[in-house]
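One-letter residues, chain by chain:
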Amino acid sequence: MHHFARRDGVLHAEAVDLERLAALVGTPFYCYSAATLRRHVGVFRAAFGDLDPLVAYSVKANSNLAVLSLMREEGAGADVVSGGELRRALEAGVPAGKIVFSGVGKTREEMAAALDAGIFQFNVESENELSALGEVARAKGAIAPVAFRINPDVSAGGHAKISTGKAEDKFGVPWTRAREIYARAAETDGVRIQGVDVHIGSQIAALDPFERAFNRVAELVRTLRADGHEIETLDLGGGLGIPYGEPENAAGDPPHPDDYAGLIRRIAAPLGVRLIFEPGRLIVGNAGVLVSRVLYVKEGEAKKFLIVDAAMNDLIRPALYDAYHAVAPVRDCGGAPQPYDIVGPICETSDSFARARDLPPVNEGDLVAFMSAGAYGAVQASQYNTRPLIPEVLADKDRFAIIRRRPSIDEMLDCERNPVWSKA
Ligand SMILES: *Cc1c(COP(=O)(O)O)cnc(C)c1O
């Protein structure tokens, strides 16, 4: 559920009129709803009740400092995948004791920064990473709390580019070798085994893959304990999907967090571990829209194109994953729907948001909103075609705040120089 709805025919973010907002901040822009963000954290947490897990919000889904601060206010921690994200989480006031660090390619500098901060857990993805982490920690006289990310070799369904739990994926250590790897970690100075971690992918629309993966890691927790390891935490990752409103999926919306929690209660509660989750998309996906203005309506040979001022550099999901975003005219003037191809101004055929999408008649200058654009939208934006990163706006009841401003072209050019040569 989200707080984007029409009032007198005009789409609002909570009580903020998106047409008025567009006039004030200029298009294109992202707009997030604070009430929706709060609600999603609350629903997720409530689903687990007295299990009281650490909800480590996956920063990569939407890393705006204001969003992270709001998460912190709601009691969430952070799952970070880079030194930059660690810095953001700390800057937003997330306590280090609620931060976990994931990712296959942590650098030694990033490890050092995380050790200095005193984060809760390193999710280690290979034996060589463990060796590096041990070295970095020993050099500081620190002890790194670690869990290994287990690759359970299950297929999560969904798009291959966001599946992470198959044996052929680059993520985690093979579950078949976990005992051997934990035994080695127990012998490694500078690290302390604290848990087990798994994350099998994103936009997962069924419980089945979770069930297979979680059963596998629960069994592993028992085995590792029998081997003499102290396993206190079990990080079950993120990945629970959200409804994007695809018509072809009408029968198959992703499971509700309550059902997901029911499954976990059955599998993981008997283990008596501290549970950790890393939800990203579930929290922010439906809490954001991308608002764009129609530049031109172009009558092609066979179809009508809406050329809008947003492009694949602002929201790459359709181009990258063939993702579906529902499109809504910001002001609905009625009229019989007709099919439009909705495209951006970039010189690539992949710069397309939707094909043959039925919309009420749209005119030049009208606004359209790409719905469910809060996750993996702004964070994946680039400056391709020297298009400035677009503003992010947070709506809260009848107020709004610009939480990322649009840079000027001058600022964009500022890091570049004509060569002043040096010898290496
Ligand atoms: C991306 C990612 C997440 C978040 O996934 P969502 O599908 O957004 O919930 C969680 N954990 C790890 C390790 C990730 O890479």
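Residues numbered from 1 in each chain as written. Predicted model: local features only at pLDDT ≥ 70, side-chain atom pairs only at ≥ 80, totals over all residues. Heavy atoms only, no water.

## Thoughts on the overall build of the protein chain
Under the convention used in this document: Helical segments are the DSSP runs of H or I of at least four residues, strand segments are the runs of E of at least two, and each set is numbered from the N terminus. Accessibility here uses a 1.4 Å probe with only protein chains present; expressed as a share of the type maximum, an area under 20% marks a residue as buried, one over 50% as exposed, and anything in between as partly exposed. Residues count as neighbours in contact if any of their non-hydrogen atoms are within 4.5 Å of one another. For accessible areas, the Shrake-Rupley method is used with a probe of radius 1.4 Å. Any residue's cover is judged against the shown protein chains and nothing else. His is not counted, nor are the chain ends, whereas Lys and Arg count as positive and Asp and Glu as negative. A single reference atom marks each charge: NZ on Lys, CZ on Arg, CG on Asp, CD on Glu.
The number of helices and strands found in the protein chain is 12 helices and 21 strands. Once the C-alpha set of the protein chain is aligned to its principal axes, its extents read approximately 70 × 60 × 40 Å. Within the span of the protein chain, comprising 424 residues, buried residues form 53% of the whole. Sequence-distant contacts in the protein chain: of pairs separated by 6 or more residues, those separated by 24 or more amount to 69%. When the accessible surface of the protein chain is split by element, carbon and sulfur atoms take 50% of a total near 18500 Å². Counting 47 positive and 57 negative side-chain charges, the protein chain places the centres of these two groups 2 Å from one another.

## Here's the deal with the nonpolar core
Here is the rule: As used in this record, nonpolar core signifies buried Ala, Val, Leu, Ile, Met, Phe, Trp, Tyr and Cys residues forming a set joined through side-chain atoms within 4.5 Å. Segmentation of the chain into domains, including their bounds, is taken from an automatic or database domain assignment.
One finds Y57, F122, V196, F214, L234 and I342 to be the most contacted residues of the largest nonpolar core, which totals 103 residues. Of the residues forming this core, the biggest block, 8 residues, is contributed by helix α8 (residues 208–226). Counting residues domain by domain, this core receives three or more from each of domain 1 (4–31 + 286–413) and domain 2 (103–277). Leave out the neighbours within four places in its chain, and F214 touches V198, L236, Y260, L263, I264 and I267. Counting 20 residues, the second-largest nonpolar core is a separate cluster that includes V16, L18, M371 and V393.

## Quick look at the packing of α8 against helix α9 (residues 257–268)
What counts is decided by this rule: Only the contacting stretch of a helix is used when fitting its axis, a line to C-alpha atoms as for every element, and angles between N-to-C directions run 0 to 180 degrees. The scheme is simple: roughly parallel for angles under 35 degrees, roughly antiparallel for over 145, roughly perpendicular for 65 to 115, oblique for anything else. A clockwise turn of the near helix away from the far one marks a right-handed crossing, whereas an anticlockwise turn of less than a right angle marks a left-handed crossing. Put simply, Ala, Val, Leu, Ile, Met, Phe, Trp, Tyr, Cys and Pro go in the nonpolar bin, Asp, Glu, Lys and Arg in the charged bin, and everything else, Gly too, in the polar bin.
Relative to each other, α8 and α9 sit at 25°, their axes nearing to 10 Å. Viewed along their axes, α8 and α9 adopt a mutual orientation that is roughly parallel. Relative to α9, the crossing made by α8 is right-handed. Contacts between α8 and α9 involve F210, E211, F214, N215 and A218 on the former and, on the latter, Y260, L263, I264, R266 and I267. Among the residues forming the contact of α8 with α9, the class breakdown is 7 nonpolar, 1 polar and 2 charged.

## Observations regarding a nonpolar patch on the surface
How we decide: The patch calculation keeps residues exceeding 30% relative accessible area without a salt bridge and links them within 9 Å when they carry like charges or within 5 Å when they are nonpolar (Val, Leu, Ile, Met, Phe, Trp, Tyr). Note on definitions: salt bridges are taken to be side-chain nitrogens of Lys or Arg within 4 Å of carboxyl oxygens of Asp or Glu.
Together, L24, F400 and I402 make up an exposed nonpolar region whose accessible area comes to about 300 Å². As for its position among the elements, I402 is in strand β21 (residues 399–404).

## So, the side chain of H40
Rules: The definition of a polar contact used here is a pair of N or O atoms within 3.5 Å, where within protein one atom must be able to donate a hydrogen and the other to accept one, and adjacent residues in sequence count solely through side-chain atom pairs.
Along the chain, the position of H40 falls in helix α2 (residues 34–48). A distance of 2.9 Å separates a polar side-chain atom of H40 from the backbone oxygen of I283. Among residues more than four places away in sequence, those in contact with H40 are M1, L282, I283 and N286.

## Thoughts on the site of the ligand
Selection criterion: In these notes, residues near a molecule or strand are those with any non-hydrogen atom within 4 Å of it.
Among the 14 residues in the neighbourhood of the ligand, the closest are listed as K60, S202, E278, R281 and Y376. The backbone of G280 places a nitrogen or oxygen atom 3.0 Å from an oxygen atom of the ligand. R281 is positioned with one of its backbone polar atoms (N or O) 2.7 Å from an oxygen atom of the ligand. Here the ligand has 390 Å² of accessible area as a free molecule, and 93% of this is covered by the chains. Tallied by class, the residues present in the shell around the ligand amount to 2 nonpolar, 7 polar and 5 charged.

## Description of helix α1 (residues 18–25)
For clarity, the cut-off: This arc describes the spread of directions from the helix axis toward the C-beta atoms.
Among the residues of α1, L18, L21, A22 and V25 are the ones counted as buried. In an axial view of α1, the angular spread of the buried residues amounts to 105°, which keeps them on one side of the axis. Opposite the buried face of α1, at more than 90 degrees from it, the exposed residues are R20, A23 and L24. N-capping of α1 is provided by D17, with a side-chain oxygen placed 2.7 Å from the backbone N of E19. The positive-phi residue at the C-terminal boundary of α1 is G26, with phi of around 85°.

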